[in-house]
Amino acid sequence: MAFIRVQKLVRDTNGNILSGSAAIKESQYVKDGGKFHSRQIVRERLGKVVWLAPDGKSGIFLSPQRGLVSYDSVSDSFDEVARTDERLSGSSVDVFPDTEIHTVFGDAHLLLCFLAKIGMSEVLKTAFPDEIERERVLCHILHGILRDGSRISCDNFIEKSFASYILGDIPTASLRCDTAYFTMMGKDSVRLSFFKAFVERMRKTNPNFGKCCYVDSTPLPNDIDNNPFNALSCHGVDSSSVQTRLVLVLDEETGFPVWYDIIPGNVLDISTIMTVMNNVAVSLDITINSLVLDAGYISKEVIHAFHNGTEKTLIGRMPARKGFPFKTLYHEFKPSLDKGKYRFVRGGHVYFGKRKEIELFGEKIFAYVYVDKHNALQRERNYMLDHPEEYAALKDKEKDWMSVRFGYFVLLSNKKLEPVDLLTEYFGRTDIEGVIKTSKEYLGILPLAKWSADTVRGKILSDIINTIIFLNMRKALDDSGLSVSEVTGKTQSLMCFRNKHGEILIETPNKKVKAYYKLIGETIPASLKIKDFRRKVMLS
């Protein structure tokens, strides 16, 4: 049977309880050498005694687990206690203290410290001088990077996070609707301010940042009605779709974006490239000296601008359209396709590769003809199995083409290299694929579910900022072999709460969380003051 055990009970002259603690105890019988003995054990600690019945069988307690409760040992049951309960009159115990709500600390604190460490906090303060706007941007950065693919909304994410303590100037409910935020982010002046601040900050540690860049584009397919940037686009090889296109300028050394633009899917010409090059040269002192282009960009005007002998480097896929010797080069090189001297291995695939200087639109340029034999064989086999009657009806010449069709491509360049080196440079320089893959898989650049030019641009800028931060963090963790998602996910186990004095008290971290903080050169404090931390991350 349970009973209440009271310790160190102190009353004043009026009989009111000043201090004392209690616990629920039970008697158990244990067998020892054939005899049974009674032993008392603590079942639950009741905490501070607020009121105690004269018979000691019931009372009101401030339990560390349950809060303010009434307990009756006869019925062995708990009940709630109202503020108007007469038994509380005269009590000197603070029976209704502020609730200590525990929130997730580790992931948001780690990321905010990292932003300060790499100078991104400084960039954001320069680009967004208005404190409220800067807080809102930080909310979306935390949500975009740390939600790790979950569908939790921004307002709900911030509410359960330590960030809610330091981002106090924004009503959390206002984060549910993001239209105003993306409209603000979609202004050209905001995009320019951010990249100016970012390039300036990067050049403090790397003076050559942005002095050697290349431009590429990638499609952003979507099904949005009335999207102002949607248009029918073709890569120039064998596929087309309705899409928006993202043009990115990347720093060659780091792979970080230094500028971007959004264009309709069908605006693929030399003027687009020149506009981007001129914009970044004038606005940001960015030099683009390399172009890595999709087949859709390659045109007569591009060949005239970047033929052999020009200073800027061009690598682009030849389109399979009229005016380009796409199939002609196949027939010319067909006798060499199986010769061992032209084979090499890259990325686990066996390639055929051969270079030839050709004249295209009156200009000299190098054509590099390749066949990815792994893809060609695999996809030819699938075609034969899926379309046996169609394949049987093909002429011998068409069957020969089918044996290489799915692995055949041609690169155009004004650089004279060995085919294996040019292909390595082409794949190595297309860091844009890694950037976009990061944005699509981890940061939600797709689906592009926005409805106006400003909100489309604003969402892209928000995602590009998140991508830059994510790539920085991935770079910092490279030597550890850990992923960003693993580190941010496991640091969520570290919790905190804010006391009535406004201090944030952090729970004791485990060894793994300490090790993750050490990877970015940070330690976990036992407590922190909100004002001091806001200054650290440049929120005030």
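Above this note sits the structure.
Described below are features of the structure shown in this document. (Residues numbered from 1 in each chain as written. Predicted model: local features only at pLDDT ≥ 70, side-chain atom pairs only at ≥ 80, totals over all residues. Heavy atoms only, no water.)

Some remarks on the overall build of the protein
Looking only at helices and strands, the protein features 19 helices and 20 strands. Residue burial in the protein is summarised as follows: out of 540 residues, 48% are buried. In the protein, the share of contacts with a sequence separation of at least 24, taken over all contacts with a separation of at least 6, comes to 62%. A total accessible area of about 26600 Å² is found for the protein, and carbon and sulfur atoms account for 49% of it. (Helix = DSSP H or I, 4+ residues; strand = E, 2+ residues; numbered from the N terminus. Buried < 20%, exposed > 50% of the residue type's maximum accessible area, 1.4 Å probe, protein only. Contact = heavy atoms within 4.5 Å. Areas by Shrake-Rupley, 256 points an atom, 1.4 Å probe, with all protein chains shown as cover.)

Points about the packing of aromatic side chains
Overall, the coordinates contain 20 aromatic pairs when judged by the stated rule. Seen in terms of ring centroids, Tyr-370 and Phe-409 are 5.2 Å apart; in terms of plane orientation they differ by 20°. Their pairing is stacked. Residue Tyr-370 is located in strand S16 (residues 363-372), and its partner Phe-409 is located in strand S17 (residues 408-413); the two are separated by 39 residues in the primary sequence. Overall, the relative accessible area of 0% leaves Tyr-370 in the buried class. For Phe-409, a relative accessible area of 8% translates into the label buried. Seen in terms of ring centroids, Tyr-426 and Phe-427 are 5.5 Å apart; in terms of plane orientation they differ by 55°. Their pairing is tilted. Overall, the relative accessible area of 9% leaves Tyr-426 in the buried class. Taken together, the ring pairs in this structure connect Phe-194, Phe-195, Phe-198, Phe-209, Trp-259 and Tyr-260 into an aromatic cluster. Its guanidinium or amino end placed over the ring of Tyr-260, Arg-191 lies 5.2 Å from that ring's centre, counting from NZ or CZ. Cation over ring: Lys-354 sits above Phe-333, and NZ or CZ is 5.2 Å from the ring centre. (Phe/Tyr/Trp six-rings, centres within 6.5 Å; stacked < 30°, edge-to-face > 60°. Lys NZ or Arg CZ within 6 Å of the ring centre and 35° of its normal.)

Description of helix H2 (residues 120-127)
Every buried residue of H2 is accounted for by Met-120, Ser-121, Val-123, Leu-124 and Ala-127. For H2, the angular spread of buried residues about the axis comes to 160°, placing them on one side. Buried residues in H2 make contact with helix H1 (106-117), helix H3 (131-146), helix H7 (188-205) and helix H16 (453-476). (Arc of directions from axis to C-beta.)

Some details on the side chain of Ser-121
Note on placement: Ser-121 falls in helix H2. For Ser-121, the side chain forms a polar contact with the main-chain nitrogen of Ala-116, separated by 3.2 Å. Ser-121 has contacts with Leu-112, Leu-115, Ala-116, Val-537 and Met-538, leaving out every residue within four places of it along the chain. (Polar contact = N/O pair within 3.5 Å; in protein donor to acceptor, adjacent residues only side chain to side chain.)

Comments concerning the sheet that holds strand S7 (residues 102-104)
As a general point, the strands of a sheet are linked pairwise by backbone hydrogen bonds and lie either parallel or antiparallel. As summarised here, the arrangement of the four strands in space is S7-S18-S19-S20, forming an open sheet in which the pairing is antiparallel. Only two strands of the sheet have a single neighbouring strand rather than two, namely S7 and strand S20 (527-529). Ignoring which end each strand starts from, the neighbouring axes of this sheet average 30° apart. Pairing of strand S18 (residues 495-498) with strand S19 (residues 503-506) involves three bridges; the strand directions are antiparallel. Looking across to S19, one finds that Cys-496 is bridged to Ile-506. (Pairing = 2+ DSSP bridges. Axes fitted to C-alpha atoms, helices over the stretch in contact; angles between N-to-C directions.)

Focus on the packing of H1 against H16
The geometry of H1 relative to H16 is characterised by a closest axis approach of 11 Å and an angle of 95° between their N-to-C directions. When the axes of H1 and H16 are compared, the pair comes out roughly perpendicular. Across the interface between the two elements, Leu-110, Leu-111, Phe-114 and Leu-115 of H1 pack against Ile-469, Asn-472, Met-473 and Ala-476 of H16. Classifying every residue of the contact of H1 with H16 gives seven nonpolar, one polar and no charged. (Parallel < 35°, antiparallel > 145°, perpendicular 65-115°, else oblique. Nonpolar A, V, L, I, M, F, W, Y, C, P; charged D, E, K, R; others polar.)

Overview of the pattern of salt bridges
Overall, the coordinates contain 21 salt bridges when judged by the stated rule. As a salt-bridge pair, Glu-26 and Arg-43 come within 3.0 Å of each other at their nearest N and O atoms. With Glu-26 in strand S2 (residues 17-32) and Arg-43 in strand S3 (residues 35-52), this residue pair connects regions lying 17 residues apart in the sequence. Overall, Arg-43 belongs to the partly exposed group, its relative accessible area being 35%. The shortest N-O distance in the salt bridge between Glu-122 and Arg-201 comes to 3.4 Å. One end of the pair, Glu-122, is in helix H2; the other, Arg-201, is in helix H7, with 79 residues separating them in the sequence. Glu-122 sits in the partly exposed class, given a relative accessible area of 27%. For Arg-201, a relative accessible area of 16% puts it in the buried group. (Salt bridge = Lys/Arg side-chain N within 4 Å of Asp/Glu carboxyl O.)

Some words on the environment of Leu-471
Its place among the elements puts Leu-471 in helix H16. With 13 residues separating them in the primary sequence, Leu-471 and Val-484 have C-alpha atoms 9.2 Å apart.

A look at H1
The end-to-end C-alpha distance of H1 is 16 Å, a good match for the 16 Å that twelve residues give at a rise of 1.5 Å each. Of all the twelve residues making up H1, ten are buried; the element is thus mostly covered by neighbouring parts of the structure. Considered for burial, the residues of H1 that qualify are Gly-106, Asp-107, Ala-108, His-109, Leu-110, Leu-111, Leu-112, Cys-113, Phe-114 and Leu-115. Positive phi appears at Gly-119, one or two residues downstream of H1, with a value of about 85°. (Expected span 1.5 Å × (residues − 1).)

As for a positive patch on the surface
On the surface, Lys-327, Arg-379, Lys-397 and Arg-405 cluster together into a patch of positive charge. Structurally, Arg-379 can be placed in helix H11 (residues 373-386). (Patch = residues over 30% accessible without salt bridge, like charges linked within 9 Å, V, L, I, M, F, W, Y side chains within 5 Å. Lys, Arg positive; Asp, Glu negative; His and termini not counted. Charge placed at Lys NZ, Arg CZ, Asp CG, Glu CD.)

Some details on the environment of Ser-217
Within the secondary structure, Ser-217 sits in strand S8 (residues 213-221). Overall, Ser-217 belongs to the buried group, its relative accessible area being 1%. A C-alpha to C-alpha distance of 5.9 Å links Ser-217 and Leu-248, two positions 31 residues apart in sequence.

Some points on unusual backbone geometry
Unlike most non-glycine residues, Lys-8 shows phi in positive territory, near 50°. If you trace the backbone, Lys-8 turns up in strand S1 (residues 2-11). On the basis of relative accessible area, Lys-8 is assigned to the exposed category, the value being 76%.

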